[in-house]
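# Working through the structure, step by step
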Amino acid sequence: MVERRRRSVRTALVGEALRVALAGRERTDPGAGSDRAGSDRGGLDIVDLGGGTGGFAVPLAVEGHRVTVVDPSPDALASLERRARDEGVSELVRGVQGDAAELPGLAGESSADAVLCHGVLEVVDDPVQALQAMASVLREGGVLSLLVAQRNAVVLARALAGHLAEARIALQDPDGRWGATDPMPRRFDEAGITGQLADAGFMVHTVHGVRTFADLVPSAFVDSEPGAADSLAELERAASQHPAFRALATQLHILATR
Ligand SMILES: C[S@@+](CC[C@H](N)C(=O)[O-])C[C@H]1O[C@@H](n2cnc3c(N)ncnc32)[C@H](O)[C@@H]1O
């Protein structure tokens, strides 16, 4: 229940920003996506790197976009296939088993109007190479939707949980980890990730904070108090672009173009 609530806060905010960016892509390049064989000229060509079970990919296909999910997990791809079939969009969703490093060969260079990379840059072997790979599969003017874990949030979370030494380690560690047993391979700072995006040839348009409060507010309160879940979602939306609160969010959602 708690995880579902957190996920819905995340997908709602990220989904809203993403749809605005995709609509902009359709407006600025009405021929976008038209060079795929058999395209009916509706919808965009989207690559979801590490798209997993299709939490973003399948709803985008339902909206008429053609989505290729590249993911190393065969189990995730099997769930993706089932989900796409259940929603009646199997012909618009393609699952490809593979790694970020292989992306250009698997998806095709300059083949996509948009690339999604949500919760994946934290775990790939080489984030710089992965960003370059994503740039290479995007068409000119194509949109990157990047969602990454933010260091500051884990510093705050470890301190509030009483793990003060771990909070200090996370604050100073180059990868934003709180120790050797931290399951997250790396976290990002806004300045660092926007700099890496610029180095890979991207222009950053928006940066939103995602889950600024959702991981801090007691779940028992949100689940039991009438209207609290809606109020939390509204608070998240209002805080997502506020610089001070954005800096504390669990994740950063960045929209950029190539
Ligand atoms: C936290 S899940 C995120 C799933 C999905 N993007 C979402 O937002 O719901 C991370 C995903 O990255 C995939 N992954 C792990 N290592 C990867 C790699 N080197 N290249 C591409 N995807 C990877 C995993 O299989 C998993 O599906």
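Residues numbered from 1 in each chain as written. Predicted model: local features only at pLDDT ≥ 70, side-chain atom pairs only at ≥ 80, totals over all residues. Heavy atoms only, no water.

Per an unreviewed UniProt entry, the protein is named Methyltransferase domain-containing protein, and its organism is Kribbella soli.

Attention shifts here to the UniProt feature "domain: Methyltransferase type" (unreviewed entry) in the protein. The feature "domain: Methyltransferase type" (unreviewed entry), as given by UniProt, occupies residues 47-145 in the numbering adopted here. Across residues 47-145, helical content stands at 35% and strand content at 29%; the span's end C-alpha atoms are separated by 10 Å. (UniProt positions renumbered as here; feature names shortened; annotations may be inferred. Helix = DSSP H or I, 4+ residues; strand = E, 2+ residues; numbered from the N terminus.)

This part is about the nonpolar core. If you look at the biggest cluster of nonpolar residues, it comprises 32 residues, and the most contacted ones within it are L103, L121, M134, L144, L146 and F202. Mapped by element, the contributors of at least two residues to this core are β1 (45-49), α4 (103-107), β4 (112-118), α5 (127-137), β5 (138-149), α8 (190-199) and β7 (251-257). Ranked by residues supplied to this core, first place goes to α5 with six residues. Leaving out residues up to four positions away in the same chain, F202 has contacts with L131, M134, A135, L138, L144, L197, A256, T257 and R258. (Core = buried A, V, L, I, M, F, W, Y, C linked by side-chain atoms within 4.5 Å. Buried < 20%, exposed > 50% of the residue type's maximum accessible area, 1.4 Å probe, protein only. Contact = heavy atoms within 4.5 Å.)

For the protein, the domain assignment lists domain 1 (2-150 + 188-257) and domain 2 (152-186). Contact with domain 1, which involves 15 residues of that partner, is made by eight residues of domain 2. Note on domain 1 versus domain 2: buried area summed over both sides is about 870 Å², and carbon and sulfur give 60% of it. For the interface between domain 1 and domain 2, the tally reads zero salt bridges. Counting the contacts that link domain 1 with domain 2 gives six residue pairs in polar contact (both at pLDDT 80 or more). Here the side of domain 1 that touches domain 2 is composed, by residue class, of 10 nonpolar, two polar and three charged. (Domains from an automatic or database assignment. Buried area = accessible area lost by both parts, 1.4 Å probe. Salt bridge = Lys/Arg side-chain N within 4 Å of Asp/Glu carboxyl O. Polar contact = N/O pair within 3.5 Å; in protein donor to acceptor, adjacent residues only side chain to side chain. Nonpolar A, V, L, I, M, F, W, Y, C, P; charged D, E, K, R; others polar.)

In this section: unusual backbone geometry. Unusually for a residue other than glycine, S110 sits at a positive phi of about 50°. For R211, which is not glycine, the phi torsion reads 65° and is therefore positive. Along the chain, R211 falls in the loop between β6 (203-210) and α9 (219-224). For R211, a relative accessible area of 16% gives the class buried.

We now examine the pattern of salt bridges. Counted according to the given criterion, the structure contains 13 salt bridges. D45 serves as the salt-bridge partner of R66, at 2.7 Å between the closest nitrogen and oxygen. In this pair, R66 sits in strand β2 (residues 66-71) while D45 sits in strand β1, placing the two residues 21 residues apart along the sequence. Neither R66 nor D45 differs from the other in exposure class; each is buried. Between R187 and D182 there is a salt bridge, with the nearest N and O atoms lying 2.7 Å from each other. Each member of the pair, R187 as well as D182, is classed as buried. One network of salt bridges, with partners in common, ties together R25, D45, R66, D113 and R139.

Helix-helix packing is characterised by the crossing angle of the two axes and by the distance between the axes. At a closest axis distance of 7 Å, the pairing of helix α6 (residues 151-160) and helix α7 (residues 164-172) adopts a crossing angle of 170°. With respect to α7, the axis of α6 lies roughly antiparallel. Of the residues in α7, those in contact with R151, V154, V155, R158 and A159 of α6 are L164, E166, A167, A170, L171 and Q172. For the contact of α6 with α7, the per-class residue count stands at seven nonpolar, one polar and three charged. (Axes fitted to C-alpha atoms, helices over the stretch in contact; angles between N-to-C directions. Parallel < 35°, antiparallel > 145°, perpendicular 65-115°, else oblique.)

Bringing the site of the ligand into the picture now. Around the ligand sit 16 residues in total, of which G50, D71, D99, A100 and H118 are the nearest. At a separation of 2.6 Å, an oxygen atom of the ligand approaches a polar side-chain atom of D71. Here a nitrogen atom of the ligand sits 3.0 Å away from a polar atom, N or O, in the main chain of A100. (Near = heavy atom within 4 Å.)

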